[in-house]
Each structure stands twice: as structure tokens, then as C-alpha cells.
Amino acid sequence: MQVLEALAIGGAGVCAGLINTVVGSGTLITFPVLLAFGFPPVTANVSNGLGLVPGSVSGAIGYRAELKGQGARIRRLAVASALGAVGGAILLLNLPADAFQAIVPILIVIALVLVVLQPWLAKRLAKRAVEGEPTGDGIWLWLGILATGVYGGYFGAAQGVIALALMGVVIAEPLQRINATKNVLTATANLVSGIVFVFVAHVAWLAVLLIAVGSALGGVIGARIGRRLPPTVLRGIIVVVGIAALVKLLI
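Quick caveat, the model's predicted, so the values are computed rather than measured. (Residues numbered from 1 in each chain as written. Predicted model: local features only at pLDDT ≥ 70, side-chain atom pairs only at ≥ 80, totals over all residues. Heavy atoms only, no water.)

## A short note on the packing of aromatic side chains
- Counted according to the given criterion, the structure contains one aromatic pair.
- Judged by centre distance (5.3 Å) and plane angle (80 degrees), the ring pair of F31 and F155 falls under edge-to-face. One end of the pair, F31, is in helix α2 (residues 27-36); the other, F155, is in the loop between α8 (139-154) and α9 (159-170), with 124 residues separating them in the sequence.
- The class of F31 is buried, set by a relative accessible area of 0%.
- Judged by its relative accessible area of 4%, F155 falls in the buried class. (Phe/Tyr/Trp six-rings, centres within 6.5 Å; stacked < 30°, edge-to-face > 60°. Helix = DSSP H or I, 4+ residues; strand = E, 2+ residues; numbered from the N terminus. Buried < 20%, exposed > 50% of the residue type's maximum accessible area, 1.4 Å probe, protein only.)

## Focus: helix α11 (residues 205-224)
- The end-to-end C-alpha distance of α11 is 29 Å, a good match for the 28 Å that 20 residues give at a rise of 1.5 Å each.
- Three or more residues of α11 are buried, namely A207, V208, L210, I211, A212, G214, S215, G218, G219, G222 and A223.
- Contacts from the buried residues of α11 go to α1 (3-22), α2, α3 (41-51) and α4 (53-62). (Expected span 1.5 Å × (residues − 1). Contact = heavy atoms within 4.5 Å.)

## Brief notes about the nonpolar core
- Formed by 38 residues in total, the largest nonpolar core has its most connected members in I9, F31, L34, F39, F100, I108 and F155.
- Looking at this core, the elements with two or more residues in it are α1, α2, α3, α6 (71-94), α7 (97-131), α8 and α11.
- With seven residues, α7 is the largest single contributor of residues to this core.
- Counting residues in hydrophobic clusters, the runner-up holds eleven residues, among them A78, A163, L164 and M167. (Core = buried A, V, L, I, M, F, W, Y, C linked by side-chain atoms within 4.5 Å.)

## Brief notes about the environment of A16
- Turning to its location among the elements, A16 is positioned in helix α1.
- With a relative accessible area of 0%, A16 lands in the buried category.
- Each C-alpha atom, one on A16 and one on S56, is 9.7 Å from the other, the two residues being 40 residues apart in sequence.
- When neighbours within four sequence positions are excluded, A16 is seen to be in contact with G26, I29, T30 and L52.

## As for the side chain of K182
- Mapped onto the elements of the fold, K182 is located in helix α10 (residues 175-200).
- Although buried, K182 forms no salt bridge, and the nearest oppositely charged side chain, E66, lies 12 Å from it.
- In this view, K182 contacts N20, T21, V23, G24, G160, A163, L164 and M167; residues no more than four positions away in its chain are not counted. (Lys, Arg positive; Asp, Glu negative; His and termini not counted. Salt bridge = Lys/Arg side-chain N within 4 Å of Asp/Glu carboxyl O.)

## Topic: the packing of α1 against α11
- Between α1 and α11, the least distance of the axes is 6 Å, while the angle of their chain directions is 40 degrees. Relative to α11, the element α1 lies oblique. Relative to α11, the crossing made by α1 is right-handed. Touching A6, I9, G10, G13, V14, G17, L18, T21 and V22 of α1 are A207, L210, I211, G214, S215, L217, G218, G219, I221, G222 and A223, all from α11.
- Here the contact of α1 with α11 is composed, by residue class, of eleven nonpolar, nine polar and no charged. (Axes fitted to C-alpha atoms, helices over the stretch in contact; angles between N-to-C directions. Parallel < 35°, antiparallel > 145°, perpendicular 65-115°, else oblique. Left-handed = near helix turned anticlockwise from the far one by under 90°. Nonpolar A, V, L, I, M, F, W, Y, C, P; charged D, E, K, R; others polar.)

This is the structure:
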């Protein structure tokens, strides 16, 4: 790997860690970069997921103030996220590589749509919090987070946005508290699926290291100052990179 390639992958990790903490969908930054440097899609996906674990963890730590009082909810939903991630990882490892290449463009399109809709989702969450609607994070939310974990273990782009939207439907709390919970759940999914991949998948460890260092730094930045950055700019970057990934895969 050349120096410029290493710097590009590390830089993409920083951006992904920041975006994952603030919005979600950082995979749409790092995954296309790995594809551009010639990594096979499944290897790129596995390595990317592992590399983003430190960023998810640092982002969750940065939101620790917003996590206070949510221990029981987080433990319950983290179990769902972990179980789903195992299922998603198993699907990725057992389905043919051709199936992944065929499915990923569809998943990227779904992720991009969710990123574009994120401002509307955020407004809905804020409205529910102001109206003081009752919390109802029961079995349906648990099953929804389980399904999101499956998606996260299989591919992962926009799993944070999906989790945020699901929780916003039933949890009437400030957006930042819900976002803090989202960071823990995505960290759980990435970590659990990553553990599975370590033992049974082909991993590009240098790429993992570069993304891990970058995403950890990005998670810290995202938790501290990321909320001050224009969300429109972040979403624009995600959409542009996501379209580039689509073009790369389809060509």
C-alpha cells in the first residue's frame, strides 16, 4: 500500500467516525475508498466494519452525559443489536460474493434515501419530544433494533439513521439523548460482527488499522464539535460518496 493510499484511507476513517457520531452512514465514506483502491467488496465490507468499531466506541463515550438514566433501555436494546449483528455477519459469510455485489447497490440507495430524509426525521423527533408523547420502547422497538442489527452486521451503511428513526417513533425524548443511544447500539453491532469476522473472514488488517485510528479520532471530534458543523454539508458529502460507490459497483 502506497503512502497516499494509506493517508486517504486514514482520512476517510476520520470522516466516517465523525459522521457516524453526528448523523450516521460513515460507511458510505470508507467503503467506497476501499473499493477504489482495489479491495474486493466483501473484504472491504468486513475490514471497514472492524475499523469503524473504535470510532463508534469513542463517539459513545463522548455522549456519556446524554446516556445518563438510560442504562436499562440501552442494555435491553444492545442485546437486540448484538443478536442481529451476529445474524447479519453469518449472512454475509454464507451468501455468495455475487449476492453481496448485487444487494449492496440496493442497500446504498436505501441508505442514501435515509440520509436525505434525516432532517425530516430529526424534526419529527423534536416535535414528539416537545409534545411530550409517552415513551413506548417495548417489544416492537426491540424487534426493530434486532432487524437493524442484522442490517448492520451484513453491510452497515445508515444503520445509525435507521436506529434513530425507529427509536424516534416510540421514544419521546430529546434528539441528543436518542442519538447517544444510537451510538451505543451501532458500536455494539460493529463490535459483535467484527468479532465474528476476525475468526472466519478474510480481513485486510492494514486497512482496518488505518480506519480504526482515523475513526477513533473522528468519533472524538464528532462528539465534541461535530454538532456545530452544518448538517447539510455532511449529508452532501455522504450523498456524493455514496453515488460514487454506486458507480464503482455498477461499472
